[in-house]
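Structure at a glance
Chain residues, written in single-letter form:
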Amino acid sequence: MSSVEEGKQVVQPEATRPPSPRPSSTASSLSSNDDAKTVTEGAPEKDSDNVSISSSTSYPDVIGRRGLALAEDEASKTVYEAWEITYSDDTTDWDSWHVFCGLRFNIKWKSLNDGFIDISPVTCYEQEALADLHEDRMLAYEDEAKAKGRWRGKGKSYDQDMANRVFDLDPDIYKRLQHLVDDRTKATNKTPYHRREWRVVVFDEGEFQMTDALPERRKSLFRRRRPKPQVQRWLVVLRGEEVRSTKDKDGWRLFSRLSNPWWRIDNEQTRPGRLEHREHLKKVQQHNQRKILAARQGQVPQPMMGPPMGHPMGPPMRPPMGVRPVAPLPPALRG
């Protein structure tokens with residue numbers, strides 16, 4: 001059996017495969033008996049999302065992983081997610097230079113444009129492990145603050161230090177991390193009954209490690225800081241929790257830039273005018289129909305009664321036959 005067929009068996013095993021929408025021969029034979037109603041009523045109702053063959057929550061993926069889903073009675077439970085940011089800056093090298101007395105000057109640099117930023121989920125942590133990691137980082141920061149004598153209002157809190165560290169990131173990394181939090185917020189707020197928000201609670205800086213020990217990077221005479229690794233990594237832990245909920249059976253109401261919350265009141269107040277306008281359009285349409293029918297029969301229809309000539313809402317006054325209309329004098333020539 002090929003690997004593709006094996007993957008299909010993992011995604012859709014025979015024991016949990018959803019029933020076919022077409023009734024089988026056995027079901028059609030039961031429809032004529034009294035037991036068919038009992039069988040139908042006894043079957044539990046299934047959500048279409050849960051039995052969907054393409055649902056990542058109901059069925060595992062090609063390597064057997066299932067999606068994270070809480071139970072119905074855990075709506076207010078806090079959820080942790082671990083993500084890894086991998087960053088590599090563009091490689092720069094000397095392009096040209098001049099040498100004088102063994103010293104290089106007028107150096108021009110060129111960039112190879114080979115940098116990248118990648119954010120991927122880390123699924124090898126349990127919820128309890130991520131919660132304990134968050135608590136351990138907070139306790140370690142408090143112990144360090146107490147040791148340095150800047151506790152009890154004399155120093156920054158753990159949350160403030162976390163905000164400063166994230167804000168001091170490279171602009172490209174900060175923007176990608178902001179997009180991640182925004183995507184998680186949009187994905188988990190598709191219901192009018194709950195409001196959930198995500199926050200960065202752990203931000204550990206690491207390094208791409210290929211050996212058991214990391215290389216030593218010492219300071220030198222001309223280098224005050226330790227050089228950064230070529231590929232940097234950060235372990236980011238996001239915390240998602242419910243911050244607001246409603247008990248209204250219809251949930252929160254929807255509005256947009258062009259919505260009108262007073263549309264019911266406006267419709268009720270303008271109803272007489274709209275009905276009058278509708279009746280007028282109906283009369284005009286009926287008159288036009290009679291006019292077309294009379295033209296087909298060779299008859300001249302009676303004109304539709306309306307405001308008299310000269311009325312503000314009627315046709316304008318016409319001059320007598322043979323008399324040309326005279327334009328009014330300008331204000332300067334009027335006596």
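Counting of residues starts from 1 at the beginning of each chain's written sequence and follows it residue by residue. Local features in this predicted model are restricted to residues whose pLDDT is 70 or higher, and side-chain atom pairs enter the listing and the counts only when it is 80 or higher, whereas totals over whole chains, interfaces and linings include all residues. Neither water nor hydrogens contribute to the side-chain values; these are computed over all heavy atoms in the structure.

Counted at 1.5 Å a residue, the expected span for helix H4 (residues 127-147) with its 21 residues is 30 Å, and the 31 Å between its end C-alpha atoms agrees. Each residue gets one of three labels from its accessible area relative to the maximum for its type: buried under 20%, exposed over 50%, partly exposed in between, using a 1.4 Å probe on protein chains only. The numbering of helices and of strands both runs from the N terminus, where a helix is a DSSP run of H or I of at least 4 residues and a strand a run of E of at least 2. Every buried residue belonging to H4 is among Leu 130, Leu 133, His 134, Tyr 141 and Ala 145, and all of these are buried. Angularly, the buried residues of H4 cover 100 degrees about the axis, an arc narrow enough to put them on a single face. Opposite the buried face of H4, at more than 90 degrees from it, the exposed residues are Glu 128, Lys 146 and Ala 147. Contacts: residue pairs with any heavy atoms within 4.5 Å of one another. The inward-facing, buried residues of H4 contact strand E1 (79-88), helix H5 (158-167), strand E5 (194-207) and strand E6 (231-245). Multiplying one less than the number of residues by 1.5 Å gives the expected span of a helix. In this description, one arc is meant: the one made by directions from the helix axis to the C-beta atoms.

Our next topic: a negative patch on the surface. By definition, no residue in a patch forms a salt bridge, and every one has over 30% relative accessible area; like charges are joined within 9 Å, nonpolar side chains (Val, Leu, Ile, Met, Phe, Trp, Tyr) within 5 Å. Surface accessibility follows the Shrake-Rupley procedure with a 1.4 Å probe radius. Residue values consider only the protein chains on display as shielding. Basic side-chain nitrogens of Lys or Arg form a salt bridge, by our definition, when they fall within 4 Å of a carboxyl oxygen of Asp or Glu. Positive charges come from Lys and Arg, negative ones from Asp and Glu, while His and the chain ends are left out of the count. Think of each charge as sitting on NZ of Lys, CZ of Arg, CG of Asp or CD of Glu. A grouping of Asp 89, Asp 90, Asp 114, Asp 170 and Asp 172 is seen on the molecular surface, where their side chains present a negatively charged patch. With respect to the helices, strands and loops of the structure, Asp 114 is situated in the loop between strand E3 (103-111) and strand E4 (116-122). Asp 114 gets classed as partly exposed once you look at its relative accessible area, which sits at 38%.

Here Asn 189 lies in the loop between helix H6 (171-187) and E5. By relative accessible area, Asn 189 is classed as buried at 19%. Pairs of N or O atoms within 3.5 Å make up the polar contacts considered here, provided that, within protein, one atom can donate a hydrogen while the other can accept it, and that residues adjacent in sequence are counted only when both atoms are side-chain atoms. Polar contacts involving the side chain of Asn 189 include one to the main-chain carbonyl oxygen of Thr 185, which spans 2.6 Å. A polar contact is formed between the side chain of Asn 189 and the backbone nitrogen of Arg 196, at a distance of 2.8 Å.

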